[in-house]
Amino acid sequence: MAKTISINAGSSSLKWQLYNMPQEEVIAKGLIERIGLADGISTVKFNGQTKSETKDIPDHTAAVKILLDDLISMDIIASYDEITGVGHRVVAGGEYFKSSTLVTDQVIQQIEELSMLAPLHNPGAVLGIRAFKELLPDVISIAVFDTAFHTTMPEVAYRYPIANRYYTDYKIRKYGAHGTSHQYVAQEAAKVLEKPLEDLKLITCHIGNGVSVTAVKGGKSVDTSMGLTPLGGTMMGTRSGSIDPGVITYLLECDSNLDTPQKIRKALNRDSGLLGISEKSSDMRDILAGKEEGDEKCRLAYEMYIDRLRKYIAQYFAVLNGADAIVFTAGIGENSSLVRKDIISGMTWFGVDIDPAKNVSGAYGVISTDQARVKTMVIPTDEELVIARDVERFKNPTN
Ligand code: ADP
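Residues numbered from 1 in each chain as written. Predicted model: local features only at pLDDT ≥ 70, side-chain atom pairs only at ≥ 80, totals over all residues. Heavy atoms only, no water.

You'll find the chain entered in an unreviewed UniProt entry as Acetate kinase, with Streptococcus gallolyticus given as the organism. Comment text from UniProt for the chain, heading Catalytic activity (unreviewed entry), reads "acetate + ATP = acetyl phosphate + ADP". The Subcellular location (unreviewed entry) field of the UniProt record for the chain holds the comment "Cytoplasm". (UniProt positions renumbered as here; feature names shortened; annotations may be inferred.)

In structure tokens:
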């Protein structure tokens, strides 16, 4: 049977999910962590069992070899030939990629070129793509871009009010991210609401380690909170989100420890957000626990996080001139009823109102009261499935 594998490769990790297609049946999934180290970990989930092994995983090719060998040794596949398609998640597609693309040498080079736009993500994706090309050279390989869904944004939204030459010379503009997730949850929300997506105005909130909010009109992204890079927008686990750009030049002038772009990039990407303010953790569960225990820094981090999310949602009410629904997704959006309640309860003027009986753990679909003018929804995201579907479209162009 034809199997497709969805890959999300970072600099030191590789998440995968194997599907029977076109049935869209998940056969197995796994995570390879600590690539580059002698004590790398490969975890495979199959048939209700989890197998985890510590191994020397020097590079991405070794990681992919371990993954393929695990598939064979665990009888998930009989031979490599059963894998007929590989789909790779790529964060930054810049202005090159408006949709998913067949991977060629030129495409790999372009993804590499775009690494400046997603320094935490694109280099890892390239390593993953190359590793699969080396081990499965004849299998169709597709790159699926987080930015593609946002290429429908109008110029008025994607341009920054800086001199034109920075756009023409360097392509500095808003690209957004998490597009695959926003697109998927918008489509699923329309199904739950039993309305054509073309008729809906949605504000989709992907709240995981990375956070982005998107205004979706008629199924198309018209504005999104992340910017040139995935650093922009709301406050995140370790990323600052948007701050006064003057902060950067000010820091350059007053902090001798921050004297290179790399150091500033690290300060804003890795040492900020929930982690920077709480000085405890980037993980929302730890922040919630800290807040419960009376930790003041956790309380402040949490309140700032909610405040920034509300402000972006409010902006998009203006961009869309009203909305039919707010959709929550990803690790925090799907699992934290408290975060959802705290965001929505502070903006009831907009016509939103959560029903506590529906806003429970494991909630799916509409969680607002019947009277709410604007619905609030929870839709679990499934980026891996979108990737597998895109691979399928390339394998069978008539679908
Ligand atoms: P990534 O962006 O890495 O894919 P996820 O979408 O998995 O991240 O989200 C990770 C975040 O979800 C973490 O901050 C984690 O604490 C949070 N999270 C997961 N489950 C819960 C929960 N039950 N309550 C609150 N936060 C949760």
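Below, the discussion takes up the overall build of the chain. Along the backbone of the chain there are 14 helices and 14 strands. Per-residue burial over the chain gives 51% buried out of 399 residues. For the chain, long-range pairs separated by at least 24 residues make up 60% of all intrachain contacts whose partners lie at least 6 apart in sequence. A distance of 4 Å separates the average location of the 43 positive side-chain charges in the chain from that of its 51 negative side-chain charges. (Helix = DSSP H or I, 4+ residues; strand = E, 2+ residues; numbered from the N terminus. Buried < 20%, exposed > 50% of the residue type's maximum accessible area, 1.4 Å probe, protein only. Contact = heavy atoms within 4.5 Å. Lys, Arg positive; Asp, Glu negative; His and termini not counted. Charge placed at Lys NZ, Arg CZ, Asp CG, Glu CD.)

Take the UniProt feature "binding site: substrate" (unreviewed entry) in the chain next. Under the feature "binding site: substrate" (unreviewed entry), the UniProt entry names Arg-89. Checked against the element boundaries, Arg-89 lands in strand S6 (residues 83-90). For Arg-89, a relative accessible area of 15% gives the class buried. Contacts of Arg-89, omitting those with residues within four sequence positions, involve Ile-7, Asn-8, Ala-125, Val-144, Asp-146, His-178, Glu-383 and Ile-387.

Tallying each qualifying case throughout the model produces six aromatic pairs. Aromatic pair Phe-317 and Phe-350: ring centres 4.7 Å apart, planes at 25 degrees, arrangement stacked. Of the two residues, Phe-317 sits in helix H11 (residues 296-320) while Phe-350 sits in the loop between helix H13 (337-345) and strand S13 (365-366), which places them 33 residues apart along the sequence. Residue Phe-350 is classed as partly exposed on the basis of its relative accessible area of 22%. Ring centres 5.3 Å apart and planes at 90 degrees place the aromatic pair Trp-349 and Phe-350 in the edge-to-face group. For Trp-349, a relative accessible area of 72% translates into the label exposed. An aromatic cluster of at least three residues, connected via ring pairs, comprises Tyr-96, Phe-97 and Phe-145. Its guanidinium or amino end placed over the ring of Tyr-158, Arg-173 lies 3.7 Å from that ring's centre, counting from NZ or CZ. (Phe/Tyr/Trp six-rings, centres within 6.5 Å; stacked < 30°, edge-to-face > 60°. Lys NZ or Arg CZ within 6 Å of the ring centre and 35° of its normal.)

Another point: the UniProt feature "active site" (unreviewed entry) in the chain. With numbering matched to this structure, UniProt assigns "active site" (unreviewed entry) to Asp-146. Looking at the secondary structure, you find Asp-146 in the loop between strand S8 (140-145) and helix H4 (155-158). Of the residues examined, Asp-146 reaches a relative accessible area of 1% and is grouped as buried. Look past the residues within four positions of Asp-146 in its chain and what remains in contact with it is Arg-89, Val-90, Val-91, Ala-177, His-178, Gly-179 and Thr-180. Within the structure, Asp-146 has its side chain in polar contact with the side chain of Arg-89 (distance 2.7 Å). (Polar contact = N/O pair within 3.5 Å; in protein donor to acceptor, adjacent residues only side chain to side chain.)

Our focus in this paragraph is empty space enclosed by the protein. All chains considered together, the criterion is met by two cavities of 30 Å³ or more. By volume, the largest cavity is sized at about 40 Å³. Around the largest cavity, the lining residues are Val-91, Ala-92, Leu-117, Ala-118, Thr-147, Tyr-175, Gly-176, Ala-177, Leu-228, Thr-229 and Pro-230. Looking at the lining of the largest cavity residue by residue, the class counts come to eight nonpolar, three polar and no charged. Estimated volume of the second largest cavity: approximately 30 Å³. Around the second largest cavity, the lining residues are Ile-243, Val-247, Ile-248, Leu-251, Leu-258, Ile-264, Ala-267 and Leu-268. By residue class, the composition of the lining of the second largest cavity is eight nonpolar, no polar and no charged. (1 Å grid on protein atoms, 1.4 Å probe; cavity = no way out; pocket = protein on both sides within 12 Å on 5 of 7 lines; lining within 4 Å. Points joined across faces, edges and corners; volume = space filled by probe spheres on them. Nonpolar A, V, L, I, M, F, W, Y, C, P; charged D, E, K, R; others polar.)

All residues in the neighbourhood of the ligand are listed as Gly-208, Asn-209, Gly-210, Asp-283, Met-284, Arg-285, Leu-288, Ala-330, Gly-331, Ile-332, Asn-335 and Ser-336. Contact between the ligand and Met-284: an oxygen atom at 3.0 Å from a main-chain N or O atom of the residue. Note that an oxygen atom of the ligand is positioned 3.2 Å from one of the side-chain N or O atoms of Arg-285. Burial of the ligand by the surrounding chains reaches 70%, relative to a free accessible area of 590 Å². Taken together, the elements giving at least two residues each to the shell around the ligand come down to helix H10 (284-292) and helix H12 (330-335). Ranked by residue count, the leading element in the shell around the ligand is H12, at four residues. (Near = heavy atom within 4 Å. Areas by Shrake-Rupley, 256 points an atom, 1.4 Å probe, with all protein chains shown as cover.)

Interaxial distance between H10 and H11 falls to 8 Å at its minimum, and their mutual angle equals 125 degrees. As the angle between them shows, H10 and H11 are arranged oblique. In this structure, H10 crosses over H11, and the sense of that crossing is left-handed. Across the interface between the two elements, Met-284, Ile-287, Leu-288, Gly-290 and Lys-291 from H10 touch Cys-298, Arg-299, Tyr-302 and Tyr-305 from H11. Broken down by class, the residue content of the contact of H10 with H11 amounts to six nonpolar, one polar and two charged. (Axes fitted to C-alpha atoms, helices over the stretch in contact; angles between N-to-C directions. Parallel < 35°, antiparallel > 145°, perpendicular 65-115°, else oblique. Left-handed = near helix turned anticlockwise from the far one by under 90°.)

Let us now look at the sheet that holds strand S9 (residues 201-207). Strand order in the open sheet formed by six strands is S11-S10-S9-S12-S14-S13, and the pairing between neighbours is mixed. Of all the strands in the sheet, the pair left with one neighbour each is strand S11 (220-224) and S13. Sheet analysis places strand S12 (residues 325-329) next to strand S14 (residues 375-378), joined by four bridges and oriented parallel. Bridge pairing links Val-327 to Met-377 in S14. Sheet strands touched by helix H6 (residues 179-193): S9, strand S10 (211-217), S12, S13 and S14. Its angle to S9, the strand with the most contacts, is close to 130 degrees. Set on the sheet, H11 makes contact with S9, S10, S11 and S12; between it and S10 the angle comes to about 15 degrees. (Pairing = 2+ DSSP bridges.)

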